[in-house]
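# Report on the structure
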Amino acid sequence: MNHIKIDLERILGNVDRNIFGTFAEPVGRVVYGGIYEPDCALADEDGLRSDLLAAVRRLNIPILRYPGGNFVSGYRWMDGIGPQQERPSRHELAWHAIESNQFGTNEFIKFCRKLKIKPYICTNCGDGDMREAADWVEYCNGTGDTALVKLRREHGFEEPHKVKYWGIGNEVDGAFQIGYKTPQEYARAVTEFGKVMKRVDPDIKLVASAACQWQGTRWKSAKVEVVERGQLMLEQAGDRIDYMALHCYVHNPENDFNKYMTLSELFEERLSAYEGLIRAVSLDRGIKHPIYITVDEWNVWKHLPRIDWFQNLEDALVIAMNLNAFIRHAYSVKMANISQIVNRRSPILTRGDSLLMQTIFYPFELYSRTCGQQALDVFWNGETFSGGEYTGVRTLDVTATLDESRKQLVVYVVNRSQTEAMETTISLADGQFAGNAQISVVNGPDILAENTFEKPNEVGTGETALEASGKSFTYSFEPHSVTALVCAIS
Ligand code: AHR
């Protein structure tokens with residue numbers, strides 16, 4: 001028997017809605033042929049697909065990072081403004097493509113506005129310089145009588161775009177990156193970029209890129225350098241930045257379900273390590289303002305030659321485990337951006353006039369729809385399993401949130417058993433369940449089930465309800481499932 005015990009007083013921190021952010025980079029069919037497809041029969045007056053807009057709305061996305069990604073390390077943002085017919089095409093050296101520049105800053109802002117999403121722009125700290133970055137801030141946010149502000153107005157935007165979140169470079173620690181920098185060079189660049197960008201607009205929030213980590217194993221081999229990088233950047237530029245960015249891509253190369261399911265431990269290790277690092281350097285350097293973590297690229301990324309592979313049910317469980325980790329670290333993880341919004345290991349795929357919701361769409365939608373404002377510190381015990389290097393891992397991966405009025409509790413549970421339902425008692429230390437629990441379960445026939453254009457509904461969300469009164473109730477979590485119990489409490 002499993003037991004989940006919840007004390008409504010044990011609040012870990014406020015959940016920042018920005019953990020439900022996403023990311024868009026002009027690579028493959030993410031922007032061209034994804035977000036922006038003027039020739040599609042479903043495109044609106046701005047060239048945006050109406051079916052995509054509707055699907056993105058369901059994900060309740062609060063913030064969108066753009067335009068990179070590796071792409072930004074060679075991007076000249078001024079190519080992407082002004083009359084579209086006058087914009088230059090360029091060789092795009094990150095992904096070896098031709099960039100037409102038909103979608104640029106103002107198209108991005110229009111897309112965000114249409115969906116009520118906050119824009120987050122990542123600047124070029126590869127082959128770009130601090131002047132370009134500061135100019136981009138001024139073009140977007142400036143209100144003075146300057147050439148760049150006049151230019152924005154000429155382009156049809158009288159009012160500033162008010163872009164609050166700005167990144168300084170993308171994965172600058174990767175040797176593959178255009179304009180790769182040593183830790184010292186990057187820390188220095190953050191100091192100088194940050195200085196001028198904040199002088200242009202002191203209200204912006206700055207993100208520095210700390211570490212790109214692709215695989216679980218990479219963390220092990222890269223650990224020392226990763227920590228050193230983060231430390232150096234924080235020591236030299238910590239007083240300038242508001243967020244430290246991590247990237248985290250995982251997959252299941254050995255087709256070992258149990259091992260894959262222990263990734264929760266790795267997420268936990270990484271987030272705790274970075275929290276500790278930030279705390280240690282902040283104390284050492286007397287940094288008074290908070291520096292938060294943003295996981296501004298994360299997802300399951302299978303390294304297959306085909307780029308059009310589908311995510312399956314086990315990937316959907318990993319997405320939920322990631323979201324659980326962000327909720328558990330709500331006091332430090334204040335943004336996360338699932339990578340990418342469409343057509344690249346994304347919750348949503350398009351093909352011709354069709355649109356598909358992948359398996360990972362469903363846990364993401366469920367959490368972003370139901371998540372409360374406060375994360376709770378939950379106690380649970382029960383069955384365990386072993387996988388990879390981990391033993392004694394709890395079969396259920398559990399988090400809970402509370403809404404501000406304290407009338408609604410949401411318990412999120414990933415059942416990582418491939419075969420067994422998990423009978424569980426859910427009890428409150430204080431307060432009462434007030435009679436009604438809405439139950440949403442993401443599941444499918446087996447862990448390898450995929451949604452495809454031919455069979456789009458193999459994995460989805462089922463809804464039921466349950467009478468839950470008094471101090472506790474019992475529920476049986478289906479094998480290989482993600483469940484949200486939305487409970488009224490008094
Ligand atoms: O999404 C593809 C790439 O993954 C991004 O460009 C890069 O930042 C990450 O490594």
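Provided above is the structure to which this section pertains.
Here's what I pulled together on the structure shown here. (Residues numbered from 1 in each chain as written. Predicted model: local features only at pLDDT ≥ 70, side-chain atom pairs only at ≥ 80, totals over all residues. Heavy atoms only, no water.)

Bringing the packing of helix α3 (residues 130-141) against helix α4 (residues 147-154) into the picture now. Between α3 and α4, whose axes approach to 8 Å, the crossing angle comes to 50°. Taken together, the axes of α3 and α4 are oblique relative to one another. Crossing of α3 over α4 shows right-handed handedness. Facing α3, whose interface residues are D135, E138, Y139, C140 and N141, α4 presents L148, V149, L151 and R152. Partitioned by chemical class, the residues of the contact of α3 with α4 number five nonpolar, one polar and three charged. (Axes fitted to C-alpha atoms, helices over the stretch in contact; angles between N-to-C directions. Helix = DSSP H or I, 4+ residues; strand = E, 2+ residues; numbered from the N terminus. Parallel < 35°, antiparallel > 145°, perpendicular 65-115°, else oblique. Left-handed = near helix turned anticlockwise from the far one by under 90°. Contact = heavy atoms within 4.5 Å. Nonpolar A, V, L, I, M, F, W, Y, C, P; charged D, E, K, R; others polar.)

For the ligand, the set of nearby residues contains 14 residues, the closest of which are E25, N70, E171, E297 and Q340. Take N170: an N or O atom from its side chain is 3.0 Å from an oxygen atom of the ligand. Within the contact set of the ligand, an oxygen atom lies 3.3 Å away from a side-chain nitrogen or oxygen of R345. Here the ligand has 280 Å² of accessible area as a free molecule, and 100% of this is covered by the chains. When grouped by side-chain class, the residues that make up the shell around the ligand number four nonpolar, six polar and four charged. (Near = heavy atom within 4 Å. Polar contact = N/O pair within 3.5 Å; in protein donor to acceptor, adjacent residues only side chain to side chain. Areas by Shrake-Rupley, 256 points an atom, 1.4 Å probe, with all protein chains shown as cover.)

We now examine the nonpolar core. Grouped together as the largest cluster of nonpolar side chains are 117 residues, with contacts concentrated most on I35, W166 and M244. Look past the residues within four positions of I35 in its chain and what remains in contact with it is A24, V30, G47, L48, R49, L52, F103, F111, I341 and V342. Core analysis: the next-biggest nonpolar cluster, separate from the first, contains 27 residues, A400, V411, V413 and I439 among them. (Core = buried A, V, L, I, M, F, W, Y, C linked by side-chain atoms within 4.5 Å. Buried < 20%, exposed > 50% of the residue type's maximum accessible area, 1.4 Å probe, protein only.)

Attention now goes to the environment of D44. Here D44 shows up in the loop between β3 (21-23) and α1 (50-58). Using a relative accessible area of 21% as the deciding quantity, one classes D44 as partly exposed. Excluding residues within four positions of it along the chain, D44 makes contact with L53 and K114.

A word on the packing of aromatic side chains. Summed over all chains, the structure comprises 19 aromatic pairs. Ring geometry for Y32 and Y36: centres 6.3 Å apart, planes at 80°, overall edge-to-face. Centroid distance W298 to F326: 5.3 Å. Interplanar angle 80°. Geometry classified as edge-to-face. Of this pair, W298 sits in strand β11 (residues 292-300) while F326 sits in helix α9 (residues 313-328), and the two are 28 residues apart along the sequence. Residue F326 is classed as buried on the basis of its relative accessible area, which comes to 3%. Grouping aromatic residues by their ring pairs yields a cluster made of F71, Y75, W77, W136, Y139 and W166. The positively charged end of K334 is found above the aromatic ring belonging to Y292, 5.7 Å away from the centroid. (Phe/Tyr/Trp six-rings, centres within 6.5 Å; stacked < 30°, edge-to-face > 60°. Lys NZ or Arg CZ within 6 Å of the ring centre and 35° of its normal.)

We now examine the sheet that holds strand β25 (residues 472-477). Read from one edge of the open sheet, four strands run β16-β1-β21-β25, paired in mixed fashion. Each having just a single partner strand, β16 (379-381) and β25 make up the two edges of the open sheet. Here the average twist between neighbouring strands, direction ignored, is 20°. Direction of pairing for strand β1 (residues 2-6) relative to strand β21 (residues 422-428): parallel, over a ladder of five bridges. The partner of I6 across the bridge, within β21, is L428. (Pairing = 2+ DSSP bridges.)

Moving on: the side chain of S264. Positionally, S264 belongs in helix α8 (residues 263-285). Of the polar contacts made by the side chain of S264, one reaches the side chain of E265; its length is 2.8 Å. When near neighbours in sequence (up to four residues on either side) are disregarded, S264 contacts M321, D397 and R416.

According to the stated counting rule, one finds 24 salt bridges in the structure shown. Salt-bridge contacts for K114 lead to D44; the nearest nitrogen and oxygen are separated by 2.6 Å. With a gap of 70 residues between them, K114 in helix α2 (residues 105-115) and D44 in the loop between β3 and α1 connect regions that are remote in the sequence. When the shortest N-O distance is used, the salt bridge between R87 and E107 registers 3.0 Å. Taken together, the positions of R87 in the loop between β4 (63-66) and β5 (90-92) and E107 in helix α2 put the pair 20 residues apart, joining distant regions of the chain. By the burial criterion, R87 is buried, and E107 matches it. Among the charged side chains, a network of salt bridges with common partners joins D44, E45, D46, K110 and K114. (Salt bridge = Lys/Arg side-chain N within 4 Å of Asp/Glu carboxyl O.)

Mapped onto the elements of the fold, S427 is located in strand β21. Here H3 takes part through its side chain, which lies 3.0 Å from a polar atom of the side chain of S427. Once you skip the residues sitting within four places of it in the chain, S427 turns out to touch H3, I4, K5, I6, F433, K471 and S472.

Moving on, we come to the pairing of β21. Two faces, one strand: in a regular strand the side chains alternate between the faces of the sheet. Extensive coverage of β21 is indicated by the burial of six of its seven residues. Direction of pairing for β21 relative to β25: antiparallel, over a ladder of six bridges. What sits directly across from M422, in β25, is F477.

Alternating residues of β1 divide into N2, I4 and I6, all buried, and H3 and K5, none buried. Bridge count for β1 against β16 is three bridges, and the pairing is antiparallel. For K5, the partnering residue across the bridge sits in β16 and is F379.

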